Amino acid sequence: MDANNAVAGSPAGDKKSILLVHPLGYSAKSARHDISRIANIMPPLGLASISAYLTSRGLANDIIDCYAHPDSDELIVAYLLRERPAFIGFSCTTSSFFDGERLARLAKSTLPGVKVVFGGVHVSAMQEKVLEEYPVIDYVVVGEGEETLRELLATSAGQRDTVASVVLRGADGRPFFTGRRKELLDLDTLPFPDYAKLAGYPQAYTLPIFNYPKAPNASCLSSRGCPYACSYCDRSVFKRSFRYNSADYLYRHLSFLRKTYDIRHVNFYDDQFTFNRQRVADFCRMVMDAPLGMTFNCAARAEHLDFELLTLMKSAGCWMISLGIETGDEELLAAHRQNPDLVMMREKIALIKKAGIRVKGLLMMGLPGETEASIKKSQKYVYSLPIDDFNLAKFTPFPGSPVYRQIKEGGASMGTFHEDWEKMDCMQFQFIPKGMELARMEELFVDFYRAHFQRPRVMWSYVAMLWKSPDSWLRFLRHLPSFVRFTSTNKRIGKGK
Ligand code: B12
């Protein structure tokens, strides 16, 4: 990667307040062959949103995305020496936290006065513990970042304990939390994420192979939060609130992406895209009235879909809907989420197909209570569904999820848990349910995928992708050696929605 091109959109001579960094999460050397990364590189939308917000409030900033551009250490060092920003900020999940902390140490050794702030899901869950254990970190921003970070940057050092939603050290050196802010942002008042600050956007970012019809494609967020309380989900950032962009804002956002970057397909990463039915219906009608020449995918809960809405979505360009099925064992499902109704799930999947939209199932293996029998039951259920694709994640208890505490408190009665944050990426079993063995779980995991791909219907559906998503096939062939390496080692498999 050309180092000069990895920091995009920064006007020269602007005094920078903060450099925002999205860590890679593991070694740059393995990133080049990591098929789960190659297959799916998404922009750090949280950072891009913060960046646009800060800029709109007069605070100059830049983003370095190490996930899209591994080997960015030197770039960060060069940036710090050149721009001498007052702050450096890191956005981390649990698995990328240590890499962020390593980069924070590198930043302080390069520019000793720089203040280090962490935000994102992992630190929002861990709060004070982060400052207790990692002296290099000066501040943690809990939850929504835009306004909290703006206030932190704009407030003098001695006054920062007046900023809500921050963890910082008091005069005695002990970390304390200033408490969550009461006011959350009206999402329609936010500027669009600053995509121009992401070097190489949109070409450097790619949706999962076989998950889109056309390129260039993009990912997008149009709501924040989820009102449900599933045991495995980490909701430390937006809690159980649900805020959303209006249909009008959403239409303008997509129109901007189309006009500025010629984006042809968008993947909405909202937890519950259709939770507010009216705004989705309004948005679809707007697209039908004035087409944008784009298609889109979204994730939804089966309860929030009906045939009339699906028909509208199809007419507006909906290509695929991801549904959280989680497991095909109803008893296990009942222990972990509300409305564990697999019959309703099947009916809704049939409706989506009837509307002419593809369906992707999101599943997990290894939840507390999982047994070999429940895995087989789940496999049988999934294979009986007319879904087009699925993603099977290895269940991981994240610190902000309800099940994390249950597992910690339940100890051996729940299973064994190796809390190695770096490995908590849903691609490695860190929790082994009681009565199961790791080696057997790995076998069952591989079998779940292998048996699926060996089915003629599934094989044919991938052949059909030659004309449904030719760009996917090109990417697949370009990275064939990495795919072959993956299937022989089963180290990492495709991510998320
Ligand atoms: C899109 C997405 C992805 C994308 C891109 C991730 C990215 N870095 O942007 C892809 C597919 C690559 C991905 C990968 C993974 N993801 Co993911 N992903 C999401 C998803 C659906 C949306 C993220 C998003 O854009 N949110 C919207 C923005 C606006 O919110 P945000 O990112 O939280 O940012 C706000 C605040 O957190 C805060 N903030 C964030 N960063 C910073 C930094 C600073 C300095 C400050 C001050 C504030 C701040 O301010 C932001 C704006 O308000 C979330 C679920 C969710 N709804 O958030 C899961 C989620 C973040 N992912 C999760 C997981 C587990 C993963 C993977 C480990 C698993 C996997 N196998 O795919 C990998 C890890 C990759 C990595 N190296 O980090 C978990 C994280 C749990 C955890 N504790 O780690 C989540 C929460 C899903 C869940 N509920 O389980 N993911």
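How each quantity is defined
Residues numbered from 1 in each chain as written. Predicted model: local features only at pLDDT ≥ 70, side-chain atom pairs only at ≥ 80, totals over all residues. Heavy atoms only, no water. Helix = DSSP H or I, 4+ residues; strand = E, 2+ residues; numbered from the N terminus. Rg over C-alpha atoms; globule rule 2.2 N^0.38 Å. Buried < 20%, exposed > 50% of the residue type's maximum accessible area, 1.4 Å probe, protein only. Pairing = 2+ DSSP bridges. Axes fitted to C-alpha atoms, helices over the stretch in contact; angles between N-to-C directions. Contact = heavy atoms within 4.5 Å. Polar contact = N/O pair within 3.5 Å; in protein donor to acceptor, adjacent residues only side chain to side chain. Near = heavy atom within 4 Å. Nonpolar A, V, L, I, M, F, W, Y, C, P; charged D, E, K, R; others polar. Domains from an automatic or database assignment. Core = buried A, V, L, I, M, F, W, Y, C linked by side-chain atoms within 4.5 Å.

**A few points about the overall build of the chain**
Right, so step 1: Along the chain, the regular secondary structure elements total 19 helices and 17 strands.
Right, so step 2: Taking 2.2 N^0.38 as the reference for a compact globule, 497 residues should give roughly 23 Å; the C-alpha atoms of the chain span a radius of gyration of 22 Å, in line with that estimate.
Right, so step 3: By principal-axis analysis of the C-alpha atoms, the chain measures approximately 60 × 60 × 45 Å.
Right, so step 4: Within the chain, the proportion of its 497 residues that are buried is 59%.

**A look at the sheet that holds strand E14 (residues 358-365)**
Right, so step 1: What the six strands build is an open sheet, ordered E8-E11-E12-E13-E14-E15; its pairing is parallel. Strands at the two margins of the open sheet, each flanked by one partner only, are strand E8 (217-220) and strand E15 (389-394). Across the sheet, the mean angle separating the axes of adjacent strands is 20 degrees when strand polarity is ignored.
Right, so step 2: With four bridges joining them, E8 and strand E11 (residues 265-268) adopt parallel strand pairing. Of the residues in E11, the one forming a bridge with Cys220 is Phe268.
Right, so step 3: Strands in contact with helix H9 (residues 247-261) are E8 and E11; relative to E11, the strand with the most contacts, it is inclined by about 135 degrees.

**Description of the side chain of Asn211**
Right, so step 1: In this fold, Asn211 is placed in the loop between strand E7 (175-177) and E8.
Right, so step 2: Only 2.8 Å separates the side chain of Asn211 from the side chain of Lys360, close enough to count as a polar contact.

**Quick notes on the site of the ligand**
Right, so step 1: Around the ligand lies a shell of 42 residues, among which His22, Ser91, Thr94, Glu146 and Asp425 are the nearest.
Right, so step 2: Glu146 is positioned with one of its side-chain polar atoms (N or O) 2.8 Å from an oxygen atom of the ligand.
Right, so step 3: The element that contributes the greatest number of residues to the shell around the ligand is helix H3 (residues 45-56), accounting for four residues.
Right, so step 4: The class makeup of the residues in the shell around the ligand is 21 nonpolar, 14 polar and seven charged.
Right, so step 5: If you count residues domain by domain, the shell around the ligand takes at least three from each of domain 1 (3-177) and domain 2 (206-489).

**Description of the nonpolar core**
Right, so step 1: Counting 135 residues, the largest nonpolar core has Ile88, Ile137, Met313 and Ile321 as its most contacted members.
Right, so step 2: In terms of residue count, H9 provides more of this core than any other element does, six residues in total.
Right, so step 3: Taken domain by domain, this core gets at least three of its residues from each of domain 1 (3-177) and domain 2 (206-489).
Right, so step 4: The residues contacting Ile321, other than those within four sequence positions of it, are Cys298, Ala300, Leu305, Leu310, Met313, Ile352, Ile357, Arg358, Val359 and Lys360.

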